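# Structural description and commentary
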Amino acid sequence: MFGYVRPSKERLSQEEQDRFTSAYCGLCHTLQRRYGLAARMILNYDLTFLAILLDESDTCTYGCRRCIVHPLRKRPCGDASVALDLAADHSVILSWWQMQDGIADHGFWGGLKYRLASGLLRNAYEKARKAQPAFDENTRVLLEELAALERENCPSIDRVADTFARLLAGAAEAARDPIRKRVLQQMLYHLGRWIYLTDAADDLGKDLQTGNYNPLPLRFSVENEKLTEEGRQDLAGTMDRSVEMMAAAFELADFGVWTEIIRSVVYEGLYMVGNAVLNGTFHQRPAREKK
Amino acid sequence: MRDPYQVLGVSNTATDEEIKKAYRNLARKYHPDNYHDNPLADLAQERMKEINEAYESIQNQRKGRTGSANGYGNTGAYNPYGGYTGYTGDARYQRIRAAITQGELNLAEELLNAITDHGGEWNFLKGAVCYRRGWLDEAKRYYETAVQMEPNNMEYRRALQMVDGSAGTYRPDGYGNIHTTGCGSNCSEMCLAWLCCSMFGGGGWIWCC
């Protein structure tokens, strides 16, 4: 996963910002508790959002803790919960298989960092696989399917994105309520589709230089290693449709204390990130905020 | 039945005006326009029914009268939430439409692939299968072809509007009409600063592929 999914801060009260931090830090602490220190390296915003979506409890309790990364100031940190355990299991499985994909895609030197990370995560993965065998199998099969499509230079953006989308939608199986499960399947499908397309746009320049597979130039017009204005509009349009599908699904289930955070993601945050990625400004991070 | 005030998200001391506003906002949210042919359209329709009944029940309580609901999304011959029930003279397409409505997308696709003459309806239904699957780019291309072949068909035009962005969708109060292409002048820098990425002083430890 890549770290593209973010709430838009302007829309959240301090309490909600703290709650979002509590999910992020809570997932980090859960990863360490269940899987050891090394598992913390996989933490990112996308996985945090997954943890939020999978949380079916009505309340969210958190205390304030220090940690290695934030030794000086205590931060809101979610208490141990079933939802965080579940999200940690899913996170480890997703990250493990992506590392295996990274090893397969790169040569000896290029794959070194993936092999190193994968070595550190091996024990954690074995444990997570036992906890979530169905999700593990689903993820493995779909990433293999994705790799095959990439090898054969698949020209359909929908078809390649579909494998990653179905992979994320697999996490919805954890939901108990059948209506909630349908809503989550739809949200996670389009989240996966959106992440895949966003990542393809983000990597476009690099992929064109290295000759790695990227579906965008096969579908949209490209000039000077960038999408043309027309291509950019077309890609943005289809990304918008996925975000709209997520928002429409979101309105059909009750997300309790997480409602405002998810709302700010599906009505604003994703559009902003998509816009920044397509403009090439995503990696120019704003100056560190001082509180 | 749930408490009608709870359904509308207002207290039972709310004024008529507040109730009307809450009802209108919810009706806008679950309006058929936002869920036309959506795989979750049945849930939205259910929600709309609940909202209409709650609004009607409050009005009746307050005015001491009885009457029938007259809101959006009532069941009738035409279902505004879609459902591929459009008239067709061709029995093959009738069967495909039924399959799509029931969510049997693989069957619908098989039946479509067995047909060799690709007219407007074929392209429309091919697009519909894609749309239900979430293959929104291909859905758009099939719908475009269908509309080109039969420009006067309202069903095809309606479907195309859902995937080309011209339909316009619900946004909650306070949220602007932002898109991936932007939200006005000076957008990207301002937008980026708004995101929570600065919350933790830079991203996570991300392993990108």
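Everything numeric in this text was worked out from a predicted model, so none of it was measured.

### What about the overall build of chain B?
On a plain count of helices and strands, chain B comes out with ten helices and zero strands. The order of α-helices and β-strands along chain B, N terminus first, is α-α-α-α-α-α-α-α-α-α. Nonlocal contacts in chain B, meaning residues at least 24 apart in sequence, comprise 56% of its contacts between residues at least 6 apart. Accessible surface, chain B as shown: approximately 10600 Å² in total, 48% of it carbon and sulfur.

### Some thoughts on the state of the cysteines
Going through the model one piece at a time under the given rule, you end up with zero disulfides over all chains. Of all cysteine sulfurs, the one in Cys130 of chain B lies closest to Cys154 of chain A, which takes part in no disulfide; the gap is 13 Å.

### Topic: the packing of aromatic side chains
Overall, the coordinates contain 15 aromatic pairs over all chains when judged by the stated rule. The side chain of Arg11 of chain A reaches across the aromatic face of Tyr175 of chain B, ending 4.4 Å from its centre.

### What about helix α7 (residues 178-210) of chain A?
All names here are of chain A. The end-to-end C-alpha distance of α7, which contains 33 residues, comes to 45 Å, matching closely the 48 Å that a straight helix rising 1.5 Å per residue would cover. Roughly 60 degrees is the biggest bend found in α7, and it falls at Leu204. Backbone geometry just after α7 places Gly211 at a positive phi near 80 degrees.

### Considerations on helix α10 (residues 259-279) of chain A
Residue and element names in this part refer to chain A. Its 21 residues place the ends of α10 29 Å apart at the C-alpha level, agreeing with the 30 Å of an ideal helix rising 1.5 Å per residue. Maximal helix bending in α10 amounts to about 45 degrees, located at Val265. α10 sits mainly inside the fold: 19 of its 21 residues count as buried. Within two residues after α10, Gly280 carries a phi angle of roughly 80 degrees, on the positive side.

### Observations regarding the pattern of salt bridges
All names here are of chain A. In this structure the tally under the stated criterion is 30 salt bridges over all chains. Two residues, Asp162 and Arg166, come together in a salt bridge whose shortest N-O distance is 2.9 Å. Separated by four residues within a single helix, Asp162 and Arg166 lie in helix α6 (residues 157-169), roughly one turn from each other. Asp162 gets classed as buried once you look at its relative accessible area, which sits at 9%. For Arg166, a relative accessible area of 33% translates into the label partly exposed.

### Some words on the packing of α6 of chain A against α7 of chain A
Residues and elements named next belong to chain A. Following both chains from N to C, one finds α6 and α7 inclined at 130 degrees, their axes separated by 7 Å at the closest point. On the basis of their axis angle, the class for α6 and α7 is oblique. Note that α6 runs across α7; the crossing there is right-handed. In this structure, α6 uses Ile157, Asp158, Val160, Ala161, Asp162, Phe164, Ala165, Arg166, Leu168 and Ala169 to contact α7, whose residues at the interface are Gln185, Leu188, Tyr189, Leu191, Gly192, Arg193, Ile195, Tyr196 and Leu197.

### Focus: the side chain of Lys29 of chain B
Considering the arrangement of structural elements, one finds Lys29 of chain B in helix α2 (residues 16-29). A polar contact of 3.1 Å, which involves the side chain of Lys29 of chain B, links it to the side chain of Glu251 of chain A. In this view, Lys29 of chain B contacts Glu251 and Arg263 of chain A together with Asn34, Tyr35 and Tyr170 of chain B; residues no more than four positions away in its chain are not counted.

### A short note on the nonpolar core
Residues Ile262 of chain A together with Leu8 and Tyr143 of chain B are the most contacted members of the largest nonpolar core, which totals 154 residues. Broken down by element, this core gets its largest block of residues, 13 residues, from α7 of chain A. Those residues in contact with Leu8 of chain B that sit more than four places away from it in its chain are Ile19, Ala22, Tyr23, Leu26, Ile51, Ala54, Tyr55 and Ile58 of chain B.

### A few points about the environment of Met272 of chain A
All names here are of chain A. Mapped onto the fold, Met272 is located in helix α10. Met272 gets classed as buried once you look at its relative accessible area, which sits at 1%. Along the backbone, Met272 and Lys74 are 198 residues apart, and their C-alpha atoms lie at a distance of 29 Å.

### Some words on a nonpolar patch on the surface
Taken together, the side chains of Phe108, Trp109 and Leu112 of chain A present a nonpolar region at the surface, about 390 Å² in accessible area. Mapped onto the secondary structure, Phe108 of chain A falls in the loop between α3 (82-105) and α4 (112-131).

### Structural notes on the pairing of strand β2 (residues 75-78) of chain A
Residues and elements named next belong to chain A. Judged by which residues are buried, β2 turns out to be covered on both faces: Arg75 and Cys77 on one side and Pro76 and Gly78 on the other are all buried. Pairing of strand β1 (residues 62-65) with β2, which is carried by four bridges, proceeds in the antiparallel orientation. Paired with Tyr62 across the strands is Gly78, a residue of β2.

### A look at the packing of helix α2 (residues 45-54) of chain A against α3 of chain A
Residue and element names in this part refer to chain A. Following both chains from N to C, one finds α2 and α3 inclined at 140 degrees, their axes separated by 9 Å at the closest point. When the axes of α2 and α3 are compared, the pair comes out oblique. Note that α2 runs across α3; the crossing there is right-handed. On the side of α2, the interface is formed by Leu47, Leu50, Ala51 and Leu54, while α3 contributes Ala83, Leu84, Leu86, Ala87, His90, Ser91, Leu94 and Ser95.

### Some details on the environment of Tyr271 of chain A
Its place among the elements puts Tyr271 of chain A in helix α10. Separated by 263 residues in the primary sequence, Tyr271 of chain A and Ser8 of chain A have C-alpha atoms spaced 9.8 Å apart.

### Some remarks on unusual backbone geometry
In this structure, Asn224 of chain A takes a positive phi of about 50 degrees despite not being glycine. Relative to the assigned elements, Asn224 of chain A resides in the loop between β3 (222-223) and β4 (226-227). Look at Asn224 of chain A and you get exposed, because its relative accessible area is 72%. With a phi angle near 60 degrees, Asp37 of chain B is a residue other than glycine that sits in the positive phi range. Note that Asp37 of chain B resides in the loop between α3 (32-35) and α4 (41-63).

Conventions we followed
Residues numbered from 1 in each chain as written. Chains lettered and ligands numbered in written order. Predicted model: local features only at pLDDT ≥ 70, side-chain atom pairs only at ≥ 80, totals over all residues. Heavy atoms only, no water. Helix = DSSP H or I, 4+ residues; strand = E, 2+ residues; numbered from the N terminus. Contact = heavy atoms within 4.5 Å. Areas by Shrake-Rupley, 256 points an atom, 1.4 Å probe, with all protein chains shown as cover. Disulfide = S-S within 2.5 Å. Phe/Tyr/Trp six-rings, centres within 6.5 Å; stacked < 30°, edge-to-face > 60°. Lys NZ or Arg CZ within 6 Å of the ring centre and 35° of its normal. Expected span 1.5 Å × (residues − 1). Bend = angle between axes of the 7 residues up to and from the residue. Buried < 20%, exposed > 50% of the residue type's maximum accessible area, 1.4 Å probe, protein only. Salt bridge = Lys/Arg side-chain N within 4 Å of Asp/Glu carboxyl O. Axes fitted to C-alpha atoms, helices over the stretch in contact; angles between N-to-C directions. Parallel < 35°, antiparallel > 145°, perpendicular 65-115°, else oblique. Left-handed = near helix turned anticlockwise from the far one by under 90°. Polar contact = N/O pair within 3.5 Å; in protein donor to acceptor, adjacent residues only side chain to side chain. Core = buried A, V, L, I, M, F, W, Y, C linked by side-chain atoms within 4.5 Å. Patch = residues over 30% accessible without salt bridge, like charges linked within 9 Å, V, L, I, M, F, W, Y side chains within 5 Å. Pairing = 2+ DSSP bridges.

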